[in-house]
Every structure is written in structure tokens, then in C-alpha cells.
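# Fold and geometry: a report
Listed here are the chains, written in short residue letters.
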Amino acid sequence: MGQLEQAIEGFVRSDWVITAITVVVILSLTAVCARLVMRFMRKLLHFNEEKNLPSSSIFVNIARASVWVLGICIMLSTCFNVDVSAAITAMGIGGIAISLGFQDTISNLIGGLQVSLMRIVKPGDNIEVGSSSGVVKDVTWRHTTIRNSAGAEVIVPNSIINKTALVHLPPTNQVSIPVVVATDGSRLDDLAEAIERVAAEAASEVAKLTKQPALSFSAVEDAGFKGSLVFRVADSRTGARAGDAVLRAIAPLTREDGINLIDGVLAGKQQAAQDSANEGGRTNG
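Residues numbered from 1 in each chain as written. Predicted model: local features only at pLDDT ≥ 70, side-chain atom pairs only at ≥ 80, totals over all residues. Heavy atoms only, no water.

## A word on helix α3 (residues 57–80)
Definition in use: By the criteria applied, helices consist of DSSP H or I runs no shorter than four residues and strands consist of E runs no shorter than two, each listed in order from the N terminus. Every helix has an expected span of 1.5 Å times one less than the residues it contains.
Taking 1.5 Å per residue, 24 residues should reach 34 Å; α3 reaches 34 Å between its end C-alpha atoms and fits that length. Among the residues trailing α3, N81 stands out with phi positive, at a value near 55°.

## As for helix α9 (residues 239–250)
For clarity, the threshold we go by: Only protein chains enter the calculation, and the probe is 1.4 Å; a residue is then buried if its accessible area is under 20% of its type maximum, exposed if over 50%, and partly exposed in between. Each direction from the helix axis to a C-beta atom contributes to the arc, which is the arc of those directions. Contacts were defined at the residue level, with two residues in contact if any of their heavy atoms lie within 4.5 Å.
For α9, built from 12 residues, the straight-helix expectation of 16 Å at 1.5 Å per residue is met to within 8% by its first-to-last C-alpha distance of 16 Å. Turning to α9, its buried residues number three or more, namely G239, A242, G243, A245, V246 and I250. Each buried residue of α9 lies within a common arc of 165° when the element is viewed along its axis, so the set occupies one face. For α9, the exposed residues lying more than 90 degrees away from the buried face are A240, R241 and R248. On the buried face of α9, the contacting elements are β6 (174–181), α8 (188–204) and β8 (224–233).

## Structural notes on the sheet that holds β6
For clarity, the cut-off: Should DSSP find at least two bridges between two strands, the strands are regarded as paired. Throughout, an axis means a line fitted to C-alpha atoms (over the contacting stretch in the case of helices), and angles, computed between N-to-C directions, take values from 0 to 180 degrees.
With antiparallel pairing, the 3 strands of this open sheet are ordered in space as β6-β8-β7. The open sheet has two free edges, formed respectively by β6 and β7 (209–221), since each of these has just one partner strand. Between one strand and the next, the sheet's axes are offset by a mean angle of 15°, whatever the strand orientation. Relative to β8, β7 is paired through 9 bridges, and the arrangement is antiparallel. Along β8, the bridge assignment pairs F217 with G227.

## A few points about the pattern of salt bridges
Pairing is possible between side chains that carry opposite charge, provided their charged atoms lie close to one another. As a reminder of what qualifies: The term salt bridge refers to a side-chain nitrogen of Lys or Arg lying within 4 Å of a carboxyl oxygen of Asp or Glu.
Counted under the stated rule, the structure contains 8 salt bridges. The partner of D263 in a salt bridge is R187, and the shortest N-O contact between them spans 3.0 Å. Here D263, found in helix α10 (residues 262–284), pairs with R187, found in the loop between β6 and α8; they are 76 residues apart in sequence, far enough to count as distant. Taking the relative accessible area as the measure of exposure, D263 reaches 46% and is therefore partly exposed. With a shortest N-O distance of 3.0 Å, R197 and E201 are connected by a salt bridge. On the criterion of helical spacing, the pair formed by R197 and E201 is a turn pair, its members being 4 residues apart in helix α8. Because the salt bridges share partners, they merge into one network encompassing K137, R147 and E153.

## Points about the UniProt feature "transmembrane region" (unreviewed entry) in the protein chain
For the record, the criterion: UniProt positions are given in the numbering used here, feature names are shortened, and annotations may be inferred rather than shown by experiment.
UniProt's feature table lists "transmembrane region" (unreviewed entry) at residues 16–37, 58–78 and 84–102, given in the numbering used throughout. Here residues 16–37 runs as 100% helix and 0% strand, with 31 Å between its end C-alpha atoms. The span residues 58–78 carries 100% helix and 0% strand; its end-to-end C-alpha distance comes to 30 Å.

## With respect to the nonpolar core
Condition: Buried Ala, Val, Leu, Ile, Met, Phe, Trp, Tyr and Cys residues form a nonpolar core when they are joined through side-chain atoms within 4.5 Å.
Ranked by size, the top nonpolar core spans 26 residues in total, and within it I177, V179, I195, L229, F231, V246 and I250 carry the most contacts. Only β6, α8, β7, β8, α9 and α10 provide two or more residues apiece to this core. With 8 residues, α8 is the largest single contributor of residues to this core. Once you skip the residues sitting within four places of it in the chain, L229 turns out to touch V175, S176, I177, V179, I195, E196, A199, P213, A214, L215, V246 and I250. Counting residues in hydrophobic clusters, the runner-up holds 9 residues, among them V115, V129, V136 and V156.

Given below as C-alpha cells:
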């Protein structure tokens, strides 16, 4: 029995067992630290009020990789007496050969950092790259994921984004309706205000608006004044219905006799404002 205890004690006290336990402890602590750093980075990017850091996962990936590299260096130095500085220097000699083998990976990593730090592309942007278009879902260390109008996810390497013409499209929740108003221009401001009011009422019936309709004119044509009516909805899926409702509602105002409807629309606006003021006065009273 004594010999068995001595054998067990010798096994436990052997150098390789102590080394193995130390390796496990260091790697476990590294994994915990990496997870904590990931959570902190995600919260930092998500709740960044000034929005000077895009919420792309490439920064989370770099932070996690840095923690693991530091943990492995500590493990090699503590458990195996490896001179980390000398090892890094030795690796630098073969760095050229390694970089040639990982040229595409390095190009994608640098490309991802460039488009993220310079805020060229960030999650939520509606972009077009080559023949692909959609809303940016995330930018990782290797590729950018965009979701197209069909709901499919398109993977675009970051290096392609740096080399290809990038087009920033209007947000998917923004609705733009071309308008041509047939009028002599005598009451153009009143007519624009009436169109905006009617459009707001029509759009509000089918969708929640985050930006009220605004009409701006861009050219004078034989048919009248050419412009664009722009507004935004909270849910992009309701944009088409809101656009259809607005187009039907403003159509009479764009015709030649539409000027005769201006006074009725604006009078309704003034009456609504007066009713709102009276209601507020009764509430305060």
C-alpha cells in the first residue's frame, strides 16, 4: 500500500503533469478572458452613442485573436521556457513566405479594416457591389455579408469591395416617388405643402412614418414642374404599400385643376391644428 501511495505521489509531482495542469489553467483563463473581451467589445460597439465606431464583428474578432495570442505566448514562456521574443524574430524571417501563402487572407483583413475604420461600409447600409446589392449584415475579417431583396445572403470578399466600384443606395425604408406637377407656378409653394400633407395622411394609414414626406423640385418641363416626394417608413416591408397609397392620394393635386384643391387641403390643416389647440386647452383646464 505504501509503494502505491509513493507511486501516485511521484506521478502527481512529476514535471510533465505539473506542466500539463499549468497549460490547461492558462488556456482556460485565456478562453474566459477572450469571452469577456468579446462581450465587452460587442456592448461597446452596440451602445457607442457617438457612432464613431461601426458595429462590425471584425473588431470583435481582432480583439479575441489578440487575447489568444497573448495567452499562448504566456503559456509557452511559462510552461516550456520558450523565448517568445526570439520566436517572433525567427518567425519574421519566414514572414515573407507565409504572407505570400496567405496573400488573399491578409488582403481581405486589411480591406475589412479599411472599409470599417473609414466607415465606407457599415452594418445597415444599402449598397451595390458589382452585380450584387443588398443591406450590409456584417463585416468580418474575411468578407462582408449582405442580404439582398430576395432574402438571400451574399458573401463578398473584403478585397473585392476595395477594388470594385461601390454604390451607396438609399435606405430600404426610404420611399421616393417621382412627381410632375402641371401648374403655371403661381402657387407652387402652397401646392407643394398641400401635396406633402395629403401624402402624410395617406402614408400614415398603412405604415408608421419615421420621416414625413418632403417634396423638392428639380426641373421645369413642358408638362410642368418635375420633383421627387421622399419619406421614410419604420418597416421597409410596408414601403411599397405606402408608396402606392401616396401616389393615389396626390394624383388629383398634380393635374392642371389641382390648384383648385389647395385651399381645401390647407384649410383642413388649419382646422386640425385649431382642434388640437382646443383639445390641449381643455386638458390643461
